[in-house]
Amino acid sequence: MYLIHKRIAALLFLLFYSLAQAFGNEPVQTVYYNTKGEFLFKSPRNHGYDFVKGKAIVFNYNFESKKCSNYAVINNKGQIISENYEYLYDNKNGTFTYKQTIALFGEETTLKGLLNDDLKPITLPKFDDIFLFRDGLAEAKIGNRVGSINAKGEWVVKPRFNDVGYHVNGCVLALLNGYLIKMNSNGQLLDSMQTSQSSAPYLMNNGLIFIKENNLYGLVDQNFKKIAECQHQNFRAHSKGVWLKKDDKWGMISPNGKQIFPFEYDEVKVHSNEFIALMKELNGQKRWKILNADLSQETDLKFADVDGFRDGMCGVSALNEESDEVWGFLNENLIEVVPLQYESVGFYENGVAPVSVGGGDADVLFIDKNAQPILGEKFHYGNSYQESYLLAVSTSYEEGWRWGLITRDGRQVLPMIFKDWPTFSETDDIIRCQLPLNEKQNATSNAASELVEQPNAQVSNGVYFKTLANQFDIEFKKKGYERVLERSSFVSGQNITSQYLQTWQGEDYSVLVIIEPDYKKDIGLIQDYYKLKVEPGNYVKINSKAVRLDLMNFSATTTKSIEFKITNESSNKVDYLFVVYKKKA
């Protein structure tokens, strides 16, 4: 996880589950599927997290108050195995953090404790707070004092400090009454120094510690020897040293304080694999270059923008002769292996990336590392995910983005009806999805990609038609056609005309229309615009929900636009989907 239609959207790829994504302002229901796309169950609460070793935390989220409540744990059959928690968090180390309101000295107070993997108490609720576990230890708070606990709830660093940082390489830093204290992971004092900091720093992997005075940063080594004065606006760590910002310019020093890069860069990005991107503003334009992790290779200062490395590939952009920004990819040797020719790009995952080729609403292709498309279909927005799956979403619905899941050979696993992209469990073959409730699309999909309604649910035909069209794309692709236009809508009233302005001349096209069976007589109006004879056999009843019409091998002899007209004698809404395919050369 985070393409693609606008540049800022590229940052969304493969972001792990966030509260902003999960909740937002649109009510959703969490539902679970297996990796074949078969519906398993919906969460007994309206929200739920991913499964971890056969369990998932579920809870209710109030979209008006924006508060969570009524936490529970379910097994991989959707059954509640433990409930009635005020708060619950899976630490993914065999423990859960829970919260409980108790009476203490005649007053109610809320405290936290730990549960084991069987949801039995490890500790009673006695902590005012427990923070995230890292390397087997977590910062914990009692009153206004902080220490560190292990997974058994035992104090490793006793709660006597104002703040405690992460344990790194067997050491931890803490603050106590104006002193920065260094201890080993057993809480034994190693060294100390006076400080004005209000929060505990952490020991970086290169052995340096940042200190802060008067809102400016400096550096000391792990023996508290000063490396850099507190005169820097910001810092970014790297194994070869630290990037520091001074007087609005960035430079780099080594762990012993020697300058590696002068303070002349306007921005720096240090990526998780320690590749570095440096930017200078030249004649009002930003120009970036990239350095590899050991600083032995670098590009010219020529790129308009740079993404991070993922899967051995880094997205970069430059301005072409028309001054348009175009994107491509470099490999880890900083060689351009995917030409800079795309409107925008996403990240590579397992050898596949989404790229925008422009030219309409549905403009996203998936390419391999040789820039070869792996599917002929275009999507509105997409992302590569997991080893054998792709994600794609359509923006054709007025309600907003909708995600689905397909395989790399084009087989649909989940229809494009979900609020956020489906997420896979790291330990279980279960997919979590968020189903919008405003659209009453409380529906699921089985392996045959047929929608299966749940009790008291209504499925929008528009969504259903979209699902069918994705299946038909594979059929048309085999016949040598590619999708060039798509419109779908809900219409009501009489004599509704949707006009699609498009130039058609001297090409072979195929038109697919899907509409409710009760209105199939209205599809015949299309022939008035094409001057074609529509035989009864062209109508194919899919099922009780939909009928399709194919107008194959239509070749325009003059330039014209396509109109699709529905004459609806009632005030009921009519769903339809109109797709045009073009014969490939």
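Calculation criteria
Every chain is numbered independently, its residues counted from 1 as its sequence is written. Only residues with pLDDT of 70 or above have their local features reported here, since the model is predicted, and side-chain atom pairs are shown and tallied only from 80 upward, although totals for entire chains, interfaces and linings are computed over all residues. Note: side-chain values were computed over all heavy atoms of the structure, leaving out hydrogens and water. Within a predicted model, pLDDT stands for the predictor's per-residue confidence, ranging from 0 to 100. In this description, contact between two residues means that some pair of their heavy atoms is separated by no more than 4.5 Å. What is meant by a nonpolar core is a set of buried Ala, Val, Leu, Ile, Met, Phe, Trp, Tyr and Cys residues, joined one to another through side-chain atoms within 4.5 Å. Summary of the burial criterion: residues with accessible area below 20% of their type's maximum are buried, those above 50% are exposed, and those between are partly exposed, where the area comes from a 1.4 Å probe applied to protein chains only. Numbered from the N terminus, helices here are DSSP runs of H or I no shorter than four residues, and strands are runs of E no shorter than two. For this analysis, a polar contact is any N or O atom pair within 3.5 Å, provided that within protein one partner can donate a hydrogen and the other can accept it, and provided that sequence-adjacent residues contribute only side-chain to side-chain pairs. Here, a salt bridge means any Lys or Arg side-chain nitrogen found within 4 Å of an Asp or Glu carboxyl oxygen.

### Comments concerning the confidence of the model for the protein
Right, so step 1: Scored by pLDDT, the protein has a mean of 77; 71% of the residues are at 70 or more.
Right, so step 2: In this model residues 1-22 is a low-confidence stretch, pLDDT under 50, and it forms 91 contacts with partners more than four residues away in sequence or in other chains.

### A word on the nonpolar core
Right, so step 1: Core analysis: the largest hydrophobic core is formed by 17 residues, its most contacted members being Tyr 33, Leu 405, Leu 414, Phe 418, Ile 431 and Cys 433.
Right, so step 2: At the level of elements, strand E1 (28-34), strand E36 (389-394), strand E37 (402-407), strand E38 (412-418) and strand E40 (430-436) are the ones that each hand at least two residues to this core.
Right, so step 3: In terms of residues, this core owes the most to one element, E38, which gives four residues.
Right, so step 4: The contacts of Phe 418, once residues within four sequence positions are left out, are Val 31, Tyr 33, Trp 401, Arg 402, Trp 403, Cys 433, Gln 434, Leu 435 and Pro 436.

### Some words on the side chain of Gln 197
Right, so step 1: Looking at the element boundaries, Gln 197 is found in the loop between strand E17 (189-194) and strand E18 (208-213).
Right, so step 2: Residue class for Gln 197 comes out buried when judged on its relative accessible area of 12%.
Right, so step 3: One polar contact links the side chain of Gln 197 to the main-chain amide nitrogen of Lys 212, over a distance of 3.1 Å.
Right, so step 4: Leaving out residues up to four positions away in the same chain, Gln 197 has contacts with Leu 175, Phe 210, Ile 211 and Lys 212.

### Comments concerning the pattern of salt bridges
Right, so step 1: Considering all chains together, one arrives at twelve salt bridges under this definition.
Right, so step 2: One salt bridge connects Asp 50 with Arg 432, and the closest N-O pair in it is separated by 2.9 Å. Of the two residues, Asp 50 is situated in the loop between strand E3 (47-48) and strand E4 (55-62) and Arg 432 in strand E40; the sequence distance between them amounts to 382 residues.
Right, so step 3: Taking the relative accessible area as the measure of exposure, Arg 432 reaches 4% and is therefore buried.
Right, so step 4: Asp 311 is the partner of Lys 369 in a salt bridge, and the nearest nitrogen-oxygen pair spans 3.6 Å.

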